[in-house]
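Understanding the architecture of this molecule
One letter stands for each residue in the lines below.
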Number of protein chains: 2
Amino acid sequence: MSGRDAALDTIQRELTAFARRARATAARMHPELSLVSYTILAHLEEQQGCRATDLAAYYLLDKSTVSRQVAALERLGLIERRTDSTDHRVQVLHLAPRGNEVLAAARERRKQTFEERFADWDPADLGRFAEYLVRYNEDAAAHP
Amino acid sequence: MSGRDAALDTIQRELTAFARRARATAARMHPELSLVSYTILAHLEEQQGCRATDLAAYYLLDKSTVSRQVAALERLGLIERRTDSTDHRVQVLHLAPRGNEVLAAARERRKQTFEERFADWDPADLGRFAEYLVRYNEDAAAHP
DNA sequence: TGATATCGTTGCAAAACGCAACATTGCAGG
DNA sequence: CCTGCAATGTTGCGTTTTGCAACGATATCA
């Protein structure tokens, strides 16, 4: 097996292992916010004015799944839906003030965990790792 | 926000997005083998003689969850359980011949997808990315 | 206006998961 | 030897997450 193949193999294996643990990890880091809820809130923080369809497309989920998640987060008062004035089919999603608070708290606990994990990483390595992940996700979106 | 904080933020976000899509991605790459099943089979391929408890610990899952997954894979004839002769409590898990075949087929389809994704990556970057992922998962295990 | 597409919701069933209780087996201290 | 304790795995039960299909409402285009 070539070095390239070995690297590809390792990347597959490690990414899969990470994905497999992600739910439990999130549950330990912030029990009040599931991996799903955290993801949606964090996405809305970046992409204010997001639609439910956008979330479904980005995370490869069925629109019904997203619909339910969004409904639950709205019942909890964490997000708001505003029907688009120009297109009455779409509902524009926004973070509610309470959603901002909850997200900030969860993010803080996450950050503590991550800082421990990466404590002895060289800043240059950290930067490269971040670049690689961004690039990988872009490639994954381009080659579905 | 410092460069280090920005990198940490990016790593969190991108890893989370990846985890969120992993299930759907696996379903498209190999519909006959769920992410869960694929993970267990791949793990057994590496760690022959694995116990159910090992799987639960590694993937942060309840032992009952693993027990059911293992039972299902055995019903499908993909894995075998051999009770340890020295300790009759433990069941040593092995890949069955049929499990090897199914895993090989799924791995092949995975590999095709990954090679497309990484087609224009420099080999040195691939190697570094693989290293970083291994290191990250080790750190995650050390700082739970 | 009528056909078609898009956005979101709901009914339904299946999969995945965790917790608690349990049986079985091994191990160590008295 | 035996009694208590730990480890392994299974099962019952309820919850959560998910996808598919059908549907209503709205928009777009011929």
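Residues numbered from 1 in each chain as written. Chains lettered and ligands numbered in written order. Predicted model: local features only at pLDDT ≥ 70, side-chain atom pairs only at ≥ 80, totals over all residues. Heavy atoms only, no water.

Labelled according to an unreviewed UniProt entry, chain A appears under the name MarR family transcriptional regulator, originating from Actinacidiphila acididurans.

Moving on to the relation of the copies chain B and chain A. Rotating chain B by 180° about the axis while translating it 0.0 Å along that axis superimposes it on chain A, leaving an RMSD of 0.1 Å. Put plainly, the chains are arranged around a two-fold axis. Among all C-alpha atoms of chain B, that of Ala19 of chain B lies closest to the rotation axis, at 2.2 Å. Looking at the interface residues of chain B, 100% of them are also at the interface in chain A, so both copies use one shared face. (Least-squares fit on C-alpha atoms with pLDDT ≥ 70 in both. Contact = heavy atoms within 4.5 Å.)

Our focus in this paragraph is the protein's contact with DNA strand D. Contacts to DNA strand D come from 26 residues, most closely from Arg51, Thr53, Ser67, Arg68 and Arg81 of chain B. Lys63 of chain B places a polar side-chain atom, nitrogen or oxygen, 2.8 Å from a base oxygen of DNA strand D. A distance of 3.2 Å separates a phosphate oxygen of DNA strand D from a polar atom in the backbone of Gln91 of chain B. Of all the secondary structure elements, the ones that give two or more residues to the surface near DNA strand D are α4 (63-75) of chain A together with α3 (52-59) and α4 (63-75) of chain B. Looking at the surface near DNA strand D residue by residue, the classes come out as five nonpolar, ten polar and eleven charged. (Near = heavy atom within 4 Å. Polar contact = N/O pair within 3.5 Å; in protein donor to acceptor, adjacent residues only side chain to side chain. Helix = DSSP H or I, 4+ residues; strand = E, 2+ residues; numbered from the N terminus. Nonpolar A, V, L, I, M, F, W, Y, C, P; charged D, E, K, R; others polar.)

Attention shifts here to the packing of aromatic side chains. On inspection of all chains with the given rule, the structure shows 24 aromatic pairs over all chains. An angle of 55° between the planes, with centres 5.7 Å apart, marks the rings of Tyr132 of chain A and Phe129 of chain B as tilted. Of this pair, Tyr132 of chain A sits in helix α6 (residues 123-142) while Phe129 of chain B is found in helix α6 (residues 123-142), placing the two residues in two different chains. Like Phe129 of chain B, Tyr132 of chain A is buried. (Phe/Tyr/Trp six-rings, centres within 6.5 Å; stacked < 30°, edge-to-face > 60°. Buried < 20%, exposed > 50% of the residue type's maximum accessible area, 1.4 Å probe, protein only.)

This brings us to the protein's contact with DNA strand C. The local shell around DNA strand C holds 25 residues, among which Arg51, Thr53, Ser67, Arg68 and Arg81 of chain A are the closest. Backbone sugar and phosphate groups make up 62% of those atoms of DNA strand C lying within 4 Å of the protein. Measuring from a phosphate oxygen of DNA strand C, one finds a backbone N or O atom of Asp62 of chain B at 2.8 Å. Within the backbone of His88 of chain B, an N or O atom sits 2.8 Å from a phosphate oxygen of DNA strand C. Of the residues in the surface near DNA strand C, the class split is five nonpolar, nine polar and eleven charged.

Each side of the interface is counted separately: chain B has 61 residues, and chain A has 61 residues. Summed over both sides, the interface between chain B and chain A buries roughly 6,600 Å², with carbon and sulfur atoms accounting for 61% of that surface. Three residues, Arg20, Arg21 and Tyr132 of chain B, lead the burial of chain B against chain A; their summed loss comes to 12% of the area buried on that side. Our count for the contact surface shared by chain B and chain A stands at six salt bridges. Here Asp125 of chain A and Arg135 of chain B are joined by a salt bridge, their closest N and O atoms 4.0 Å apart. Connecting chain B to chain A are 23 residue pairs in polar contact (both at pLDDT 80 or more). Elements with a minimum of two residues in the side of chain B that touches chain A: α1 (3-29), α2 (35-46), α3, α5 (97-117) and α6 of chain B. Looking at the side of chain B that touches chain A element by element, the count peaks at 22 residues for α1 of chain B. Considering only residue class, the side of chain B that touches chain A consists of 31 nonpolar, nine polar and 21 charged. (Buried area = accessible area lost by both parts, 1.4 Å probe. Salt bridge = Lys/Arg side-chain N within 4 Å of Asp/Glu carboxyl O.)

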